[in-house]
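Topology and contacts: notes
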Amino acid sequence: MRAVVIGTGPAGITAAETLRRLDPSGSVMALTTEPFPPYSPPAMADHFLTGREAPLYWKGPDVAERLGIDERRTTRVMGIDADAHEVVLADDVRIGFEGLVVASGSRLYAPLEGADLPGVLDFKSLRTATEMFGRVRAGEVTTALIVGNGFIGIELSLLLADLGVDVTVIGRRNWLMPRVLDPETSKVAEAALTKRGVTLRLGVEAQAIVGGTSATGVRLVDGTLLGADLVVAATGVKPHTEFLGESGIVTGWGVHVDDRLSTSVAGIVAAGDVAEAADRFTGERYVHAIFPNAVAQAPIAAANLLGANLRYDGAETMNSLKHLGVPIVSIGTIDSPDEILRWQDGVDLRAVYLRDDRIIGAQLAGDIRAAGVYRSLMLRRQPVGHFGSRLVDPGFGMADITFDALRSGDLTGSAV
Ligand SMILES: Cc1cc2nc3c(=O)[nH]c(=O)nc-3n(C[C@H](O)[C@H](O)[C@H](O)COP(=O)(O)OP(=O)(O)OC[C@H]3O[C@@H](n4cnc5c(N)ncnc54)[C@H](O)[C@@H]3O)c2cc1C
């Protein structure tokens, strides 16, 4: 098959690799707006802290050459002519395809006045991150303001603090990662951030990024002006779908895909942060923008493009904060529980969110080893009422509890 892949992020490069492996006599072209080899965004923080390249270029910097993928960097897809089976680039340059993988990922979403001012940077792509850390290394940045208290804002604040920058994080809600963490888990993260030198201004709303020829600060809704050498927007992400407008591919927030990861147009599949895939637990379709989902979807999408009929089990909602010094994991949802069980001792914390006697979400801080057990119970929709408060006992879910014991609730002889 003559296949084209849009994107060389975790989803795109995994799809391209799968296509080469399953169809060695076919051809694969992979297009990316980035000037870099395929990289792993989760490894960017480590890269800018330590300079290490291996985790960043996770498939090897020569992956395209090695696998015979025709990789085109700094190449932006402007549109798709689905009837002609062509991808359209600038100046109406057209590239024909027999099969197409849309893996264009996501970009910064910053619905904030002044977000387009020169000098406003983000930590979403290696290109913008390289510019940011170029300025930091050149000694131009002693103070930084990060607008947004989500995952990326937190990761970046720690990195900048470790590099000696005086960082302030501004968040509209008064706790961190409000859609992912509950306020109690957030408190553990807040304490760790503060200890690392990050200043948190939570529960305050940024009205605009301000500056003349370049961003110089942030104005809050109450009129307060905060100034800094570096202003970063970390207000959220949005799937890259702008170029799909005329293609006939149905999109909402992201690209609509079925449980084979096919789009509404035959011969075009989608994977990763751009795709609105079904949730494995609830079946609800939305963008699950995390790395494991991207690399799980890509091989299925690619194989199906070649004629397989593989079903995707669904995406998972899981987040972990790895660089705080205190590990924190959140799985599932904290939305509309009918009961919450909680145990906490200092930074060690367990909270289990229940609905209809089943786990819908869990949060762990400190000792996070039981996360896998909660996840399994959640995905199996196992009734858990018989455990009562033992469900959040610090010994619950340790290695010596078997699944038979978990199923029956008879934990005699186990750690609980
Ligand atoms: C700083 C940071 C830390 C993260 N940490 C974690 C973590 O710890 N754990 C976790 O699970 N997830 C993490 N994530 C999220 C994870 O990186 C994403 O879920 C993953 O990168 C999605 O992969 P993707 O290939 O779908 O999209 P992306 O990585 O966004 O790649 C998209 C690709 O499409 C290309 N593209 C876009 N539009 C076009 C176009 N019009 N034409 C041509 N090419 C185009 C881009 O150039 C790029 O190559 C992190 C993200 C960031 C930014």
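The rules behind each value
- Residues numbered from 1 in each chain as written.
- Predicted model: local features only at pLDDT ≥ 70, side-chain atom pairs only at ≥ 80, totals over all residues.
- Heavy atoms only, no water.
- Helix = DSSP H or I, 4+ residues; strand = E, 2+ residues; numbered from the N terminus.
- Rg over C-alpha atoms; globule rule 2.2 N^0.38 Å.
- Buried < 20%, exposed > 50% of the residue type's maximum accessible area, 1.4 Å probe, protein only.
- Areas by Shrake-Rupley, 256 points an atom, 1.4 Å probe, with all protein chains shown as cover.
- Lys, Arg positive; Asp, Glu negative; His and termini not counted.
- Charge placed at Lys NZ, Arg CZ, Asp CG, Glu CD.
- Polar contact = N/O pair within 3.5 Å; in protein donor to acceptor, adjacent residues only side chain to side chain.
- Contact = heavy atoms within 4.5 Å.
- Domains from an automatic or database assignment.
- Buried area = accessible area lost by both parts, 1.4 Å probe.
- Salt bridge = Lys/Arg side-chain N within 4 Å of Asp/Glu carboxyl O.
- Nonpolar A, V, L, I, M, F, W, Y, C, P; charged D, E, K, R; others polar.
- Core = buried A, V, L, I, M, F, W, Y, C linked by side-chain atoms within 4.5 Å.
- Pairing = 2+ DSSP bridges.
- Patch = residues over 30% accessible without salt bridge, like charges linked within 9 Å, V, L, I, M, F, W, Y side chains within 5 Å.
- Near = heavy atom within 4 Å.

1. Overview of the overall build of the protein
Within the protein one finds nine helices and 26 strands. At 23 Å, the protein has a C-alpha radius of gyration in line with the 22 Å of a compact globule built from 416 residues. Taken over the C-alpha atoms alone, the protein extends approximately 65 × 55 × 35 Å along its principal axes. In the protein, buried positions account for 53% of the 416 residues. As presented, the protein carries roughly 17800 Å² of accessible surface, and 50% of it is formed by carbon and sulfur atoms. Side-chain charges in the protein split into 39 positive and 51 negative, and the spacing between the mean points of these groups amounts to 2 Å.

2. Some thoughts on the side chain of S247
Structurally, S247 is set in the loop between β17 (237-239) and β18 (255-256). Engagement of the side chain of S247 in a polar contact is seen with the backbone oxygen of L244, the distance being 2.6 Å. Engagement of the side chain of S247 in a polar contact is seen with the backbone nitrogen of I249, the distance being 3.1 Å. Contact partners of S247, with chain neighbours within four places excluded, come to I80, A82 and V265.

3. Digging into the domain arrangement of the protein
Annotation of the protein at the domain level lists domain 1 (2-107 + 238-305), domain 2 (120-235) and domain 3 (327-408). Its C-alpha centre places domain 2 at a distance of 32 Å from the equivalent point of domain 3. Counting residues at the interface gives nine residues for domain 2 and 11 residues for domain 3. Here domain 2 packs against domain 3, burying approximately 800 Å² in sum over the two surfaces, 63% of which is carbon and sulfur. Of all residues in domain 2, D182, T185 and V188 bury the most surface against domain 3, accounting for 56% of the area lost on that side. Our count for the domain 2 to domain 3 interface comes out at two salt bridges. Residues R342 and D182 are paired through a salt bridge, measuring 3.1 Å at the closest nitrogen-oxygen approach. Linking domain 2 with domain 3 are seven residue pairs in polar contact (both at pLDDT 80 or more). Considering only residue class, the side of domain 2 that touches domain 3 consists of five nonpolar, one polar and three charged.

4. Some remarks on the nonpolar core
Among the nonpolar cores identified, the biggest contains 49 residues, and I80, V87, L100 and V102 are the most heavily contacted of them. Of all the elements, helix α7 (residues 291-305) adds the most residues to this core, at six residues. Excluding its chain neighbours within four sequence positions, the residues that come into contact with L100 are V4, I6, I80, V87, G267, I268, V269 and L305. By size, the runner-up hydrophobic cluster in this structure holds 45 residues, among which are L158, L160, L193 and I328.

5. Remarks on the sheet that holds strand β12 (residues 199-202)
With parallel pairing, the five strands of this open sheet are ordered in space as β9-β16-β10-β11-β12. The open sheet has two free edges, formed respectively by β9 (120-121) and β12, since each of these has just one partner strand.

6. Thoughts on the sheet that holds strand β21 (residues 285-287)
Hydrogen bonds between backbone groups are what pair the strands of a sheet, and the pairing can be parallel or antiparallel. Reading across the sheet, the three strands line up as β18-β20-β21 and stay open at both edges, with mixed pairing between neighbours. In this open sheet, the two edge strands, each paired with only one partner strand, are β18 and β21. Relative to strand β20 (residues 275-278), β18 runs parallel, the two being bridged by two bridges. Paired with V255 across the bridge in β20 is A275.

7. So, a negative patch on the surface
Together, D338, E339, D356 and D357 give the surface a local cluster of negative charge. Relative to the elements of secondary structure, D356 occurs in the loop between β25 (348-355) and β26 (358-365).

8. Here's the deal with the site of the ligand
Close contacts around the ligand come from 35 residues, with A11, T33, V77, D273 and K322 the closest. Within the backbone of P10, one N or O atom sits 3.2 Å away from an oxygen atom of the ligand. At 3.4 Å from an oxygen atom of the ligand is found a main-chain nitrogen or oxygen belonging to A289. The protein chains hide 92% of the 1000 Å² of surface that the ligand would expose on its own. The set of elements that each furnish at least two residues to the shell around the ligand consists of α1 (10-22), α5 (151-162) and α7. Of the residues in the shell around the ligand, the class split is 18 nonpolar, 12 polar and five charged. Summarising the domain contributions, the shell around the ligand has at least three residues from each of domain 1 (2-107 + 238-305) and domain 2 (120-235).

9. Comments concerning unusual backbone geometry
With phi around 40 degrees, T74 is a residue other than glycine that occupies positive phi space. Position of T74 relative to the elements: it lies in the loop between β3 (70-72) and β4 (77-81). Residue L261 is not a glycine yet carries a positive backbone phi of 65 degrees. Relative to the helices and strands, L261 is located in the loop between β18 and β19 (268-270).

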